[in-house]
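Single-letter residue listing:
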Amino acid sequence: MSDHISGPRAIADPVADITDVFAFPAPENPRHLVLIMNVFPYAGPSAVFSDAVIYRFRVRPASIASNRRAFAVGADEFTFDCTFDVPDGPAQQGRCRMPNGEIVPFRVNDANGGSGKGLQVFAGQRSDPFFLDGPMAEKTIATKKLAFKEVGSDRLYGKNVLGIVLTIEWATLLEGGPMCAVVGETLTTGKRPIRLERVGRPEIKNVSLGARIFDPVNRDLEIRDLYNSEDAFDLSKHYVGAYRARLNANLAFYDGLDGKTDWPLDEHGNHPLTELLLADYLVVDVSKPFSEISYVEIEQALLEQRPHTTCGGRWLNEDVVDVILTLYVNAGKGPRIRDGVDGPITWSARVYPYMAPPNGPEASP
Amino acid sequence: MIAAAHTDGTIALLNLRAQIDGLGHATAEDRIALIDLLTLRGLILGHIADYERAEEIAERLVRDEATDGMALVARARTRAVFHRFTDALGDLDRAERLSLDAEITNRERAAILQGLGRYEEALALREKAGERRASFENVAALVGLHAERSEIDAAKRLYAESCIRYRGVSPFPMALLDFQVGLMWMDQGRLEDARTSFNAACRRVPAYAPAQGHLAEVEAEFGEIASAVARLYPLALSSDDPDYAAQLARILGYSGRVYEARHWRRLAAARYDELIARHPEAFADHAAEFWLAAGADPGKALPLARMNVEVRKTPRAYGLLAQAVAANEAAGATPSWA
């Protein structure tokens, strides 16, 4: 699953378990950048945000590096911190601290949310927009063969999450160019916050890093908690080798699933996608119009040494699992690799707050 | 090291309910998670119905997934909750024969051995786990074991270590730990220390029923009857565990409120009889305690105390049996130790 249940710590604290992060130009207004963070997989109706967690969006200016093989991410950072009170009766209050220090209060589950100068915030329970045939993804690893069916089964069908949606006037609030790198994080509150989770791209921890059996270096290591605790923009040099080894091994496994090698490793055994994926943030170009299918287009353009043509980032309804599988297995040079699940129970809307309302209990299988 | 804040106990409980309600029964994994969540809620709220639901799911799960070692471990956990320790150990042995990692089965086995009073064996397993990985879970498990053995210095030292090692935001693990330390202080007769620990557990999770119940017991010992009664009333009303009604009957009886005490005594007695019929091993000790105190029927207590010693040979179980024998002797009966 995208980033659902991505390690022991996430399992212990679902309220801090980020399931997905999305970043896209607002479909109805290109001057706005939309950032979404979902937490709490399988949230039942009583789920509320924790008062002990900071739900943070980190945004940095990004550009294509001069060698055109990687992203160059600036040191300036714009953070949006959402925090929540203990509910007083049925209503929970939250607030978002903007990069300029301004505080925007809002009420959870209020469709209008809260607004400040250049920012609109919604937080509340919504339908989980992610979809995947998780058991067949696991079976693919166990059997070392593509196990997906024509019609798959989505364990997230009819499930809900807690979502936070920020609509940002990017030209006002984010200095720098129109391309930026986005990460979602959960951290403990307190004087010195401790990072609990961080998410940029979908399916890094579960699909890409989760399997241990191919790793020639750390086959016994549950790497995901360690990975979650890292700063996405500044990986620890002590552990990056472990992440690299795991990614190289797992990506090579996926590449071999169609019986041919589309991603030859370099002389050091590195997979061509490894460094790009280690740069684990969504890259979105808000100067380009909204697109429903743009996930990793900027990255693919970079690999192909051509200018990108879409906004990149990630839209709610995109079937990113098919995109990822196709990229990993045949580099986009072969047929689309499908997991057999092509949509969620309800599509997200192209208008604020974008995510579909929560499902009732009857929606779950 | 700066301690991180934990989620407010009210939120944590809402979210525990949300996890239970949101999970579903689609896969074995879901059902195992559900068993754990129900067991946790049972532990926090003193809800026997949650334990029973977990047990039911576990039995069905093992029927459906007979070769799934994790299903057997989950069932072992629910059986241990109801003190069916031999059955639980059997499940773990079966899980191991299915090649389940011994680290997983031994974690459960240590808890069962501890429940049985086989402390040395439990300690050996717990220490091995702690040496392999000094995680919060492993260190906290050692706190519980040393606390139960009244090894105060070791329990205190490991409690401090657990606080440092805990990295989560859920308040439940630390509340459960505070509670275990509180029980240790009670066993030692150090009521002020017990009050501090139970208070800490209640601050973390105000709805933590066993912690509230024991805090009321401490307050009653200090003569703070009004506070103890106020604490017990909502628990006696809401919980399906008769312990709170039994405590309330005892305290009200001692303070001369005989009529009210009689009401709660009747309720507790009926509920203990029900539970003894369904889960004899699990409720023998608490029912015996009830019949020795507010229940005022040592004759009923004795066979239960004896059954309890048969199930678990802990110092506490022997103490309860001795109490039951003495009470019967005092009442003119001639109890048999056999």
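All values reported here derive from a predicted model rather than from experimental measurement. (Residues numbered from 1 in each chain as written. Chains lettered and ligands numbered in written order. Predicted model: local features only at pLDDT ≥ 70, side-chain atom pairs only at ≥ 80, totals over all residues.)

Participant: Is there a simple way to explain the overall build of chain A in this structure?
Facilitator: A count of helices and strands for chain A gives 9 helices and 13 strands. The globule rule puts the C-alpha radius of gyration for 365 residues at 21 Å, and the 19 Å found for chain A is close to it. Counting every position in chain A, which comprises 365 residues, the buried fraction comes to 52%. Expressed as a percentage of contacts within chain A between residues at least 6 apart in sequence, the contacts between residues at least 24 apart total 64%. (Helix = DSSP H or I, 4+ residues; strand = E, 2+ residues; numbered from the N terminus. Rg over C-alpha atoms; globule rule 2.2 N^0.38 Å. Buried ≥ 20, exposed ≤ 12 C-beta atoms within 10 Å, placed from the backbone. Contact = placed C-beta atoms within 7 Å.)

Participant: Help me understand the overall build of chain B in this model?
Facilitator: Of regular secondary structure, chain B possesses 18 helices and 0 strands. Here chain B has a C-alpha radius of gyration of 20 Å; the compact-globule value for 338 residues is 20 Å, and the two agree. Projected onto its principal axes, the C-alpha positions of chain B cover 55 × 50 × 40 Å. For chain B, the proportion of its 338 residues judged to be buried stands at 53%. At a minimum sequence separation of 6, the contacts of chain B that also span at least 24 residues come to 49%.

Participant: Would you take a moment to explain helix α17 (residues 298–311) of chain B for this structure?
Facilitator: Turn by turn, an α-helix covers 3.6 residues, leaving residues three or four places apart pointing in a common direction. Residues and elements named next belong to chain B. Between the first and last C-alpha of α17 there are 20 Å, a value that for 14 residues agrees with the 20 Å anticipated at 1.5 Å per step. Along α17, 11 of the 14 residues are buried, which leaves the element largely enclosed by surrounding structure. Taken together, the buried positions of α17 are P298, K300, A301, L302, L304, A305, R306, M307, N308, V309 and V311. Residues of α17 that are buried in the fold lie against α5 (85–97), α16 (280–292) and α18 (315–330). (Expected span 1.5 Å × (residues − 1).)

Participant: Honestly, the confidence of the model for chain B in this entry has me stumped. Any pointers?
Facilitator: In low-pLDDT regions, the fine details of the predicted coordinates are not to be read closely. Residue and element names in this part refer to chain B. With 97% of its residues at a pLDDT of 70 or more, chain B has an overall mean of 93. When pLDDT is averaged over each helix and strand of chain B, the minimum, 92, is found for α18 and the maximum, 98, for helix α11 (residues 191–204). Per the prediction output, this complex has pTM 0.93; the corresponding ipTM is 0.93. (pLDDT = per-residue confidence, 0-100.)

Participant: Please explain the environment of A326 of chain B as it appears in this structure.
Facilitator: Turning to its location among the elements, A326 of chain B is positioned in helix α18. Separated by 303 residues in the primary sequence, A326 of chain B and L23 of chain B have C-alpha atoms spaced 50 Å apart.

Participant: Could you clarify how one ought to interpret the sheet that holds strand β10 (residues 160–169) of chain A in this entry?
Facilitator: Each strand in a sheet pairs with its neighbour through backbone hydrogen bonds, running either in the same direction (parallel) or in the opposite one (antiparallel). Residue and element names in this part refer to chain A. Strand order in the open sheet formed by 5 strands is β1-β2-β10-β9-β8, with antiparallel pairing between adjacent strands. On the outer flanks of this sheet lie β1 (18–26) and β8 (114–116), each paired with one strand and no other. Ignoring strand direction, the axes of neighbouring strands in this sheet form an average angle of 15°. Pairing geometry for strand β9 (residues 119–127) and β10, over 9 bridges, is antiparallel. Residue R126 lies in a different strand from β10, and its bridge partner there is V161. (Pairing = 2+ DSSP bridges. Axes fitted to C-alpha atoms, helices over the stretch in contact; angles between N-to-C directions.)

Participant: How do you make sense of the domain arrangement of chain B when you look at a structure like this?
Facilitator: Many analyses report the size of an interface as the accessible area lost when the parts associate. Residue and element names in this part refer to chain B. Per the domain assignment, the segments making up chain B are domain 1 (6–102), domain 2 (133–207) and domain 3 (210–331). Between the C-alpha centres of domain 1 and domain 3 the distance comes to 27 Å. With 8 residues of domain 1 at the contact, the number on the domain 3 side is 9 residues. Grouping the amino acids of the side of domain 1 that touches domain 3 by side-chain chemistry returns 4 nonpolar, 3 polar and 1 charged. (Domains from an automatic or database assignment. Nonpolar A, V, L, I, M, F, W, Y, C, P; charged D, E, K, R; others polar.)

Participant: Could you clarify how one ought to interpret the nonpolar core in this entry?
Facilitator: The nonpolar side chains of a soluble globular protein tend to be buried with one another. Residues L166, V182 and V284 of chain A together with V143, L248, A288 and A324 of chain B are the most contacted members of the largest nonpolar core, which totals 184 residues. With 9 residues, helix α10 (residues 172–188) of chain B is the single largest residue contributor to this core. (Core = buried A, V, L, I, M, F, W, Y, C linked by C-beta atoms within 7 Å.)

Participant: What should I look at first to understand the interface of chain A and chain B in this one?
Facilitator: At the junction of the two partners, chain A supplies 29 residues and chain B supplies 23 residues. For the side of chain A that touches chain B, a count of residues per class yields 14 nonpolar, 8 polar and 7 charged.

Participant: Which parts of the structure should I look at to understand the packing of helix α4 (residues 69–81) of chain B against helix α6 (residues 102–116) of chain B?
Facilitator: How two helices pack is summed up by the angle between their axes together with the distance between the axes. All names here are of chain B. One can describe the packing of α4 onto α6 by two numbers: an axis separation of 10 Å at closest approach and a directional angle of 10°. Viewed along their axes, α4 and α6 adopt a mutual orientation that is roughly parallel. Along the contact surface, α4 presents V73, A76, R77 and A80, while α6 presents I104, T105, E108, A111, I112 and G115. Taken together, the residues of the contact of α4 with α6 break down into 6 nonpolar, 2 polar and 2 charged. (Parallel < 35°, antiparallel > 145°, perpendicular 65-115°, else oblique.)

Participant: Explanation requested: unusual backbone geometry in the structure shown.
Facilitator: A negative phi angle is the norm for most residues apart from glycine, just as the trans form is the norm for most peptide bonds. Backbone torsion omega between Y352 of chain A and P353 of chain A reads 0°, so that peptide bond is classified as cis. Along the chain, P353 of chain A turns up in the segment after α9 (320–330). Its identity is not glycine, yet Y354 of chain A carries a phi of approximately 70°, on the positive side. Looking at the element boundaries, Y354 of chain A is found in the segment after α9. Of note, H83 of chain B is a non-glycine position whose phi angle comes to about 60°, a positive value. Residue placement: H83 of chain B occurs in the loop between α4 and α5.

Participant: Which parts of the structure should I look at to understand the packing of helix α7 (residues 119–132) of chain B against helix α8 (residues 136–148) of chain B?
Facilitator: Residues and elements named next belong to chain B. Where α7 meets α8, the closest approach of the two axes is 9 Å, and the angle between their N-to-C directions is 160°. One way to sum up the angle between α7 and α8 is to call them roughly antiparallel. Where α7 crosses over α8, the two elements pack in a sense that is left-handed. Residues Y119, A122, L123, R126, A129 and G130 of α7 form the contact with α8, whose own contacting residues are N138, V139, A141, L142 and L145. Class assignment of the residues belonging to the contact of α7 with α8 gives a composition of 8 nonpolar, 2 polar and 1 charged. (Left-handed = near helix turned anticlockwise from the far one by under 90°.)

Participant: For this particular structure, what's the right way to read helix α2 (residues 28–45) of chain B?
Facilitator: Residues and elements named next belong to chain B. Given a rise of 1.5 Å per residue, 18 residues ought to cover 26 Å, and the 25 Å separating the end C-alpha atoms of α2 matches this to within 8%. Packed against the buried residues of α2 are α1 (9–23), α3 (48–64), α4, α10 and α12 (209–221). Phi for G46, located one or two positions after α2, is positive at around 65°.

Participant: Where do I start with the environment of A80 of chain B in this structure?
Facilitator: Residue and element names in this part refer to chain B. Tracing the chain through its elements places A80 in helix α4. Accessibility expressed as a C-beta count within 10 Å gives 24 for A80, which makes it buried. Each C-alpha atom, one on A80 and one on S150, is 22 Å from the other, the two residues being 70 residues apart in sequence.

Participant: What exactly am I supposed to notice about the pairing of β9 of chain A here?
Facilitator: The two faces of a sheet get side chains in turn, since along a regular strand they alternate between them. Residues and elements named next belong to chain A. In terms of residue burial, β9 counts as a mostly covered element, since 9 of its 9 residues are buried. With 3 bridges joining them, β8 and β9 adopt antiparallel strand pairing. Bridge assignment links G116 to a residue of β9, and that residue is L119. Linking two consecutive strands that pair antiparallel, namely β8 and β9, is a turn of 2 residues; a positive phi of about 85° is found at G118 within it.

Participant: Is there a simple way to explain the environment of G253 of chain B in this structure?
Facilitator: Its place among the elements puts G253 of chain B in helix α14 (residues 243–254). In sequence terms G253 of chain B and V218 of chain B are 35 residues apart; their C-alpha atoms lie 16 Å from each other.

Participant: How should the pairing of strand β12 (residues 195–199) of chain A be read in this particular structure?
Facilitator: Residues and elements named next belong to chain A. With 4 of 5 residues buried, β12 lies mostly within the body of the structure. In this sheet, β12 lies alongside strand β11 (residues 179–188) in antiparallel orientation, the contact comprising 4 bridges. In the sheet register, L187 faces β12, and the bridge partner there is R195. Counted along the chain from β11 to the antiparallel partner β12, the turn is 6 residues long, and its residue G190 has a positive phi close to 115°.

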